[in-house]
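So the chains spell out like this:
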Amino acid sequence: MASYTHRSILTSKKIELKTRIRLFDAYISSIFLYNSEVWSLTKTQEHAIDVFQRSLLGGMLRISWPYTLSNDVLYERTGAKPWSENITMRRMKWVGHLLRLPAETPARQALQESLRPTSRVNSDIRDIRPDLHLGSDSLAELKSDRRMWRAIISPNLNHTLVYPS
């Protein structure tokens, strides 16, 4: 596994923390999150992924039992975001690309078949933006409005959000 291969680099006191975090993102995160756009995870699986990430980050900071850090402090100190949030954002970006494909494209047809009110995409939108209530045809309406889609999936970015009427 990549984390064990690069353990000496990631835990080295001679290398600045900021550099080690960049190496962690390059060697560990990129490999783990490869193709995560197509994953459909349960909440239990998302929690397990975040626990695994925190254990790797804690090891990189040389924090071991009985000494602990809260999750918020760990993420703040490393500047990382939970991998489950990263996976959700990647999935939503990927769905946005699929929605803009021509209707006859096989990938788009498969997406349309899988979109139901209880689908993972709708669940992700509700998790990201609980204040936004989309109707059954709203995803189809949003497909051509890239700015609106970005505003929905990244509310912390500076996009103007105009709700569909």
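All of these numbers come straight from a predicted model, not from anything done at the bench. Throughout this document, residue positions are counted from 1 along each chain, in the order its sequence is written. It should be noted that, the model being predicted, local features are given only for residues of pLDDT at least 70 and side-chain atom pairs only at 80 or more, the latter also being counted only at that level, while totals for whole chains, interfaces and linings use all residues. Side-chain numbers come from the whole structure's heavy atoms, not from hydrogens or water.

Draft legend 1. Main features of the packing of helix H3 (residues 17–32) against helix H4 (residues 43–60). Orientation of H3 relative to H4, taken along the N-to-C sense of each, is 150°, at an axis distance of 12 Å. Relative to H4, the element H3 lies roughly antiparallel. In this structure, H3 meets H4 at a crossing whose hand is right-handed. Between H3, through Arg20, Ile21, Phe24, Ile28 and Phe32, and H4, the contact on the second element is made entirely by Ile49, Phe52, Leu56, Leu57 and Met60. Axis lines are fitted through C-alpha atoms, for helices just across the contact stretch, and the angle between N-to-C directions can take any value from 0 to 180 degrees. Only DSSP runs of H or I covering at least 4 residues are called helices, and only runs of E covering at least 2 are called strands; the numbering of each starts at the N terminus. Note that the term roughly parallel is reserved for angles under 35 degrees, roughly antiparallel for angles over 145, roughly perpendicular for angles of 65 to 115, and oblique for everything else. The sense of a crossing depends on the near helix, which, turned anticlockwise from the far helix by less than a right angle, makes the crossing left-handed and, turned clockwise, makes it right-handed. Contacts are assigned to residue pairs that have any heavy atoms within 4.5 Å of one another.

Draft legend 2. Inspection of the pattern of salt bridges at higher detail. Here, a salt bridge means any side-chain nitrogen of Lys or Arg that lies within 4 Å of a carboxyl oxygen of Asp or Glu. Using the criterion set out here, one finds two salt bridges in the structure. Notably, a salt bridge pairs Glu37 with Arg90, separated by 3.5 Å at the nearest N-O pair. Highlighted residues: Glu37 in the loop between H3 and H4 and Arg90 in helix H6 (residues 83–99), separated in sequence by 53 residues. Under the scheme applied here, a residue whose accessible area is under 20% of the maximum for its type counts as buried, over 50% as exposed, and between as partly exposed, the area being computed with a 1.4 Å probe on protein chains only. Classification of Arg90 as partly exposed rests on a relative accessible area of 27%. Residue Lys43 pairs with Glu46 through a salt bridge whose shortest N-O separation is 3.8 Å. Remark: Glu46 and Lys43 occur in helix H4; sequence separation between them is three residues, near one turn of the helix. In this structure Glu46 comes out as buried when scored by relative accessible area, which is 8%.

Draft legend 3. Broad picture of the packing of aromatic side chains. Pairing of aromatic rings covers Phe, Tyr and Trp, the last through its six-membered ring, and needs centres within 6.5 Å; plane angles under 30 degrees mean stacked, over 60 mean edge-to-face, and all others mean tilted. Per the counting criterion, the structure on display carries five aromatic pairs. Summarising the aromatic geometry, the rings of Phe32 and Trp39 are spaced 6.0 Å apart at their centres and angled 85° between planes, so their arrangement reads as edge-to-face. Residue classification places Phe32 among the partly exposed residues on the basis of a relative accessible area of 24%. Ring geometry for Phe32 versus Trp83: centroids 4.5 Å apart, planes at 15°, classification stacked.

Draft legend 4. Main features of a positive patch on the surface. Only residues above 30% relative accessible area that lack a salt bridge enter a patch, with like-charged residues linked at up to 9 Å and the nonpolar side chains Val, Leu, Ile, Met, Phe, Trp and Tyr linked at up to 5 Å. Areas reported as accessible are Shrake-Rupley estimates using a 1.4 Å probe. Residue values count occlusion only from the protein chains shown. Positive charges are assigned to Lys and Arg, negative charges to Asp and Glu, while His and the chain termini are left out of the count. By convention, charge coordinates are those of NZ in Lys, CZ in Arg, CG in Asp, or CD in Glu. Side chains of Lys81, Lys93, Arg146, Arg147 and Arg150 sit close together on the surface and give a patch of like positive charge. Of the residues forming the positive patch, the biggest block, three residues, is contributed by helix H10 (residues 146–153). The residue Arg150 is located in helix H10 in this model.

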